[in-house]
Amino acid sequence: MFTLFTEMASVMRGLFVGQRCVVAGIGGRRTMFARKSRHNMTLRCASSKANKQLINVSTIEDVPGVAVLQMNAPPVNSFSLEFLKQFNAVLRGLENDDSMKGVILTSAIPRLYSAGIDINEMYQASEERLSEFWHCFQDLFITLYGSSLVTIAAINGHAIAGGCAITQLCDYRILTSSPNTKLKLNSTELGLPPPLWIQQSVKNNVGHRNCERIWQSARMFNPQMALKLVLVDELYPEEEVFGAAVREMRKWLEADEFRRVANKAALRKSTLDILTPKTRSQEIQQTVKYILSYSCQQVLKNYFESLRQKETDRSKV
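The shown structure was predicted, so the numbers you read here are calculated from the model rather than taken from an experiment.

Engineer: Hey, could you run me through the nonpolar core in this one?
Structural biologist: Nonpolar side chains tend to gather and get buried jointly when the protein is soluble and globular. Core analysis: the biggest nonpolar cluster contains 69 residues, and Leu 69, Phe 83, Phe 87 and Ile 166 have the highest contact counts within it. Counting residues per element, this core draws most heavily on helix 2 (residues 127-145), which supplies 8 residues. Beyond its immediate sequence surroundings of up to four residues, Phe 83 is in contact with Leu 54, Ile 55, Met 71, Asn 72, Ala 73 and Ser 78. In terms of nonpolar packing, the next biggest core, distinct from the first, is built from 15 residues, Val 63, Ile 174, Ala 245 and Met 249 among them.

Dropping the structure here:
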């Protein structure tokens, strides 16, 4: 399937194979019955793609309680439904593991973090699948933004659309300083207004004025501009990004865990409260109706064709 990106991300509720996994949020973890291994642990999740592993999970030997999540869905870590089933299941599993204190989220693909959602999940999609898809997007926000773990994004390459959005849900963001690296939130290009809870999470990081500039312009930002806008917190050469994330994680883990979690819960509560059972249902209905409308499908079709043309032009060079 020809994978392209948009600005939205979604995730399905997942089950570990042969294990039970439940949602947990800030302020307390629930019990999960899961098999653990101390190093380079692999959490296999249900997938319709023959259980292909799309999220690599490992631990850091000299930093107990910290997991490393590597997105591994070549060529561009696009968010297919199968990918996000695994992503969300792994996040929930770590959240419910009492030995875990922090998560570093990065990519296994050099110079590329994520290009966001596969546009096929919205273009000519069925109403049933798209409804499920959006519900899972909401789940991802609640799980990652509401995590009691320390979450650090080690952004080792391009982060576009949904790929950029998920970095904004983390506690700290470290980006490669390579001048060729780009960050972008591109809803304006597609005519798809970002959901309020994503808007607010970005605004919490960058401020109202910068938030308006980012969403309305749909510009590509290089590392220096991303730092200036506070889309990221630090810049390092690509080969030093992960090491910097580990050092930063050590600093965060020095704080009293109970107090840190309590403060995080208080600071993020108003944003998390945007999604109630009632508002979730209403938003799903409105969003699905809009995406499946003729005008939106035409925009997606044109976007598809423009990217295909670019692929054709590049192949001729």
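Engineer: Explain the sheet that holds strand 3 (residues 63-71) here, please?
Structural biologist: Paired through their backbone hydrogen bonds, the strands of a sheet run either parallel or antiparallel. Across the sheet, 6 strands lie side by side as 2-3-4-7-9-11; this open sheet has mixed pairing. Where the open sheet ends on each side, the last strands, each with one partner, are strand 2 (55-60) and strand 11 (234-236). Between one strand axis and the next, the sheet turns by 20 degrees as a mean value, whatever way the strands run. In terms of strand pairing, strand 3 meets strand 4 (residues 102-107) through 6 bridges, oriented parallel. Within strand 4, the position partnered with Gln 70 by the bridge is Thr 106.

Engineer: Sorry, what's going on with helix 10 (residues 277-291) here?
Structural biologist: Because an α-helix completes one turn every 3.6 residues, residues spaced three or four positions apart along the sequence face the same direction. End to end, helix 10 covers 21 Å across 15 residues, agreeing with the expected 21 Å (1.5 Å per residue, within 8%). Looking at helix 10, one finds that the buried residues are Arg 280, Glu 283, Ile 284, Thr 287, Val 288 and Ile 291. The buried residues of helix 10 occupy an angular sector of 125 degrees when the element is viewed end-on, so they sit on one face. Facing away from the buried surface of helix 10 by more than 90 degrees, the exposed residues are Lys 278, Gln 285, Gln 286 and Lys 289. As for helix 10, its buried residues are in contact with helix 2, helix 5 (196-206) and helix 11 (294-316).

Engineer: Can you help me understand the packing of helix 2 against helix 9 (residues 257-272) in this one?
Structural biologist: The description of two packed helices rests on the angle between their axes and on the distance between the axes. Across the interface, helix 2 lies against helix 9 with an axial gap of 11 Å and an inter-helix angle of 165 degrees. Between helix 2 and helix 9, the angle is such that the two are roughly antiparallel. For helix 2 against helix 9, the interelement crossing comes out right-handed. Across the interface between the two elements, Phe 141, Ile 142 and Tyr 145 of helix 2 pack against Lys 264, Arg 268, Thr 271 and Leu 272 of helix 9.

Engineer: Honestly, the pattern of salt bridges in this entry has me stumped. Any pointers?
Structural biologist: Working definition: two side chains of opposite charge can pair if their charged atoms are close together. Tallying each qualifying case throughout the model produces 10 salt bridges. For Arg 250, the salt bridge is made with Asp 62, and the minimal N-O distance between the two is 3.2 Å. In this pair, Arg 250 is assigned in helix 8 (residues 241-253) and Asp 62 in the loop between strand 2 and strand 3, connecting sequence segments 188 residues apart. Judged by relative accessible area, which is 36%, Arg 250 ranks as partly exposed. On the basis of relative accessible area, Asp 62 is assigned to the exposed category, the value being 53%. With a shortest N-O distance of 2.9 Å, Arg 129 and Glu 121 are connected by a salt bridge.

About the thresholds
Residues numbered from 1 in each chain as written. Predicted model: local features only at pLDDT ≥ 70, side-chain atom pairs only at ≥ 80, totals over all residues. Heavy atoms only, no water. Core = buried A, V, L, I, M, F, W, Y, C linked by side-chain atoms within 4.5 Å. Buried < 20%, exposed > 50% of the residue type's maximum accessible area, 1.4 Å probe, protein only. Helix = DSSP H or I, 4+ residues; strand = E, 2+ residues; numbered from the N terminus. Contact = heavy atoms within 4.5 Å. Pairing = 2+ DSSP bridges. Axes fitted to C-alpha atoms, helices over the stretch in contact; angles between N-to-C directions. Expected span 1.5 Å × (residues − 1). Arc of directions from axis to C-beta. Parallel < 35°, antiparallel > 145°, perpendicular 65-115°, else oblique. Left-handed = near helix turned anticlockwise from the far one by under 90°. Salt bridge = Lys/Arg side-chain N within 4 Å of Asp/Glu carboxyl O.

Just distances and angles here, no functional claims.
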